[in-house]
Amino acid sequence: MDPDPVAPLLSTRAIEALQSIDPATLSEVQAFRDDFARFIMPYKFGIDEISTKVGILREEFAELHDYNPIEHISSRLKSPESIEQKVVRKNCEPSFDAIREAITDIAGIRIVCSFQSDVYRVFDLLTAQADVRVLRVKDYIAHPKPNGYKSLHVIVEVPVFLSEGPVMVPVEIQLRTVAMDFWASLEHKIYYKYDGEVPEGLLRDLTDAAGTANQLDVTMENLHRQVRGDDRGTVYSLPASN
């Protein structure tokens, strides 16, 4: 039996709808698509730049040092829908220039470290690089959110070299420990399931769990220092916050 023909990418109804759009409207849609591609591309390259820097540090520690503070990294680029939602929340003018100015977390990197002191160590190593400019720091480790959320949020700016010349691109970097990352992942799933309306009992349990995660971080760091022969206790080098 001959195989079935390849199904079209769009349904018949969708194809008919596209065919019914007048040429001027279709041209506008295509122009917007091209403009958005040009808008979002530098943010993707900004992620690539920071990912490369973190990857180099991680490989150096793995090859040349007895301890690697970076457990793993991940990245995300905001979707058009997420950008649109943030434009509405911030009451931002819906133009690409205004969005560039108002929204600084379109490109995002998450760095998960072994211990809390590693978070600040990696922060120092990254931001000491000549082409990395720190725009803003929010230290939710030193000053957790009321629900217990802990992470170090940093907005940096890096140059991306395009054919038309260099473009400075903001990238949000979140640095946290494994325990913080596990808690934050669970919090996100809970808030998503309840669409933000989380029962009071679950909120209490979630806040208690944040305290447990913090105690785990402190205990594991102290054990780590004992194994390495460092008896100073838990000492952090806090970055300047603004």
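Residues numbered from 1 in each chain as written. Predicted model: local features only at pLDDT ≥ 70, side-chain atom pairs only at ≥ 80, totals over all residues. Heavy atoms only, no water.

**Describing the pattern of salt bridges**
Once their charged atoms are close, side chains differing in charge can pair, the charge on each being opposite to the other.
Here comes step 1: Enumeration over the complete set of coordinates arrives at 12 salt bridges.
Here comes step 2: Asp35 is paired through a salt bridge with Arg38; the nearest N and O atoms lie 2.5 Å apart. A residue pair is termed a helical-turn pair when its members lie 3 or 4 positions apart in one helix, as Asp35 and Arg38 do in helix α2 (residues 23–64) at 3 residues.
Here comes step 3: In this structure Asp35 comes out as partly exposed when scored by relative accessible area, which is 31%. (Salt bridge = Lys/Arg side-chain N within 4 Å of Asp/Glu carboxyl O. Helix = DSSP H or I, 4+ residues; strand = E, 2+ residues; numbered from the N terminus. Buried < 20%, exposed > 50% of the residue type's maximum accessible area, 1.4 Å probe, protein only.)

**Focus on the nonpolar core**
Here comes step 1: In this structure, Ile111 and Leu152 are the most contacted members of the largest nonpolar core, which totals 38 residues.
Here comes step 2: Breaking this core down by element, the ones donating at least two residues are α2, α3 (80–89), α4 (96–102), β2 (107–113), α5 (116–127), β4 (152–162) and β5 (165–177).
Here comes step 3: With 8 residues, α2 is the largest single contributor of residues to this core. (Core = buried A, V, L, I, M, F, W, Y, C linked by side-chain atoms within 4.5 Å.)

**Focus on helix α7 (residues 200–227)**
Here comes step 1: Between its terminal C-alpha atoms α7 stretches 41 Å, which fits the 40 Å expected from 28 residues at 1.5 Å a residue.
Here comes step 2: Downstream of α7 by a residue or two, Gly229 has a phi angle that is positive, lying close to 75 degrees. (Expected span 1.5 Å × (residues − 1).)

**Quick notes on the layout of surface pockets**
Here comes step 1: Approximately 860 Å³ is the volume found for the largest pocket.
Here comes step 2: In this structure, the largest pocket is lined by 26 residues; those nearest its centre are Lys145, Tyr149, His153, Gln174 and His188.
Here comes step 3: Elements that contribute at least two residues to the lining of the largest pocket include exactly β3 (133–139), β4, β5 and α6 (178–193).
Here comes step 4: It is α6 that provides the largest number of residues to the lining of the largest pocket, a total of 7 residues.
Here comes step 5: Tallied by class, residues from the lining of the largest pocket come to 9 nonpolar, 5 polar and 12 charged.
Here comes step 6: What the second largest pocket holds in volume is close to 390 Å³.
Here comes step 7: If you trace the second largest pocket, you find 17 residues lining it, with Pro42, Arg100, Val167, Met168 and Val169 closest to the centre.
Here comes step 8: At the level of secondary structure, the elements contributing two or more residues to the lining of the second largest pocket comprise α2, α4, β4 and β5.
Here comes step 9: Considering every element that reaches the lining of the second largest pocket, the biggest residue donor is β5, with 5 residues.
Here comes step 10: Residues that form the lining of the second largest pocket fall into these classes: 9 nonpolar, 3 polar and 5 charged. (1 Å grid on protein atoms, 1.4 Å probe; cavity = no way out; pocket = protein on both sides within 12 Å on 5 of 7 lines; lining within 4 Å. Points joined across faces, edges and corners; volume = space filled by probe spheres on them. Nonpolar A, V, L, I, M, F, W, Y, C, P; charged D, E, K, R; others polar.)

**A closer look at the confidence of the model for the protein chain**
Reading fine detail from the predicted coordinates is not recommended where pLDDT is low.
Here comes step 1: For the protein chain, per-residue confidence averages 87 on the pLDDT scale, and residues scoring 70 or more make up 89% of the total.
Here comes step 2: With pLDDT under 50 throughout, residues 237–242 is counted as low confidence; its partners more than four residues away or in other chains account for 16 contacts. (pLDDT = per-residue confidence, 0-100. Contact = heavy atoms within 4.5 Å.)

**Regarding the sheet that holds β3**
Here comes step 1: Spatially, β1-β2-β5-β4-β3 is the arrangement adopted by the 5 strands of the open sheet, whose pairing is mixed. A single partner strand is all that each edge strand has here, and the edge strands are β1 (70–77) and β3. Ignoring strand direction, the axes of neighbouring strands in this sheet form an average angle of 25 degrees.
Here comes step 2: As paired elements, β1 and β2 share 7 bridges and run antiparallel to each other. (Pairing = 2+ DSSP bridges. Axes fitted to C-alpha atoms, helices over the stretch in contact; angles between N-to-C directions.)

**Looking at the packing of α6 against α7**
Here comes step 1: One can describe the packing of α6 onto α7 by two numbers: an axis separation of 9 Å at closest approach and a directional angle of 170 degrees. Overall, the two elements α6 and α7 adopt an arrangement that is roughly antiparallel. Residues Ala179, Met180, Trp183, Leu186, Glu187, Ile190 and Tyr191 of α6 lie in contact with α7, whose contacting residues are Leu202, Leu203, Leu206, Ala209, Ala210, Ala213, Leu216 and Asp217.
Here comes step 2: Across the contact of α6 with α7, the residue classes tally to 13 nonpolar, no polar and 2 charged. (Parallel < 35°, antiparallel > 145°, perpendicular 65-115°, else oblique.)

**Topic: empty space enclosed by the protein**
Here comes step 1: Enumeration according to the criterion identifies 2 cavities of 30 Å³ or more in this entry.
Here comes step 2: Quantified by volume, the largest cavity comes out at close to 60 Å³.
Here comes step 3: Looking at the largest cavity, the residues that line it are Gly148, Tyr149, Lys150, Ala179, Met180, Trp183, Ala210, Ala213, Asn214 and Asp217.
Here comes step 4: Counting residues per element, the ones that place at least two in the lining of the largest cavity are α6 and α7.

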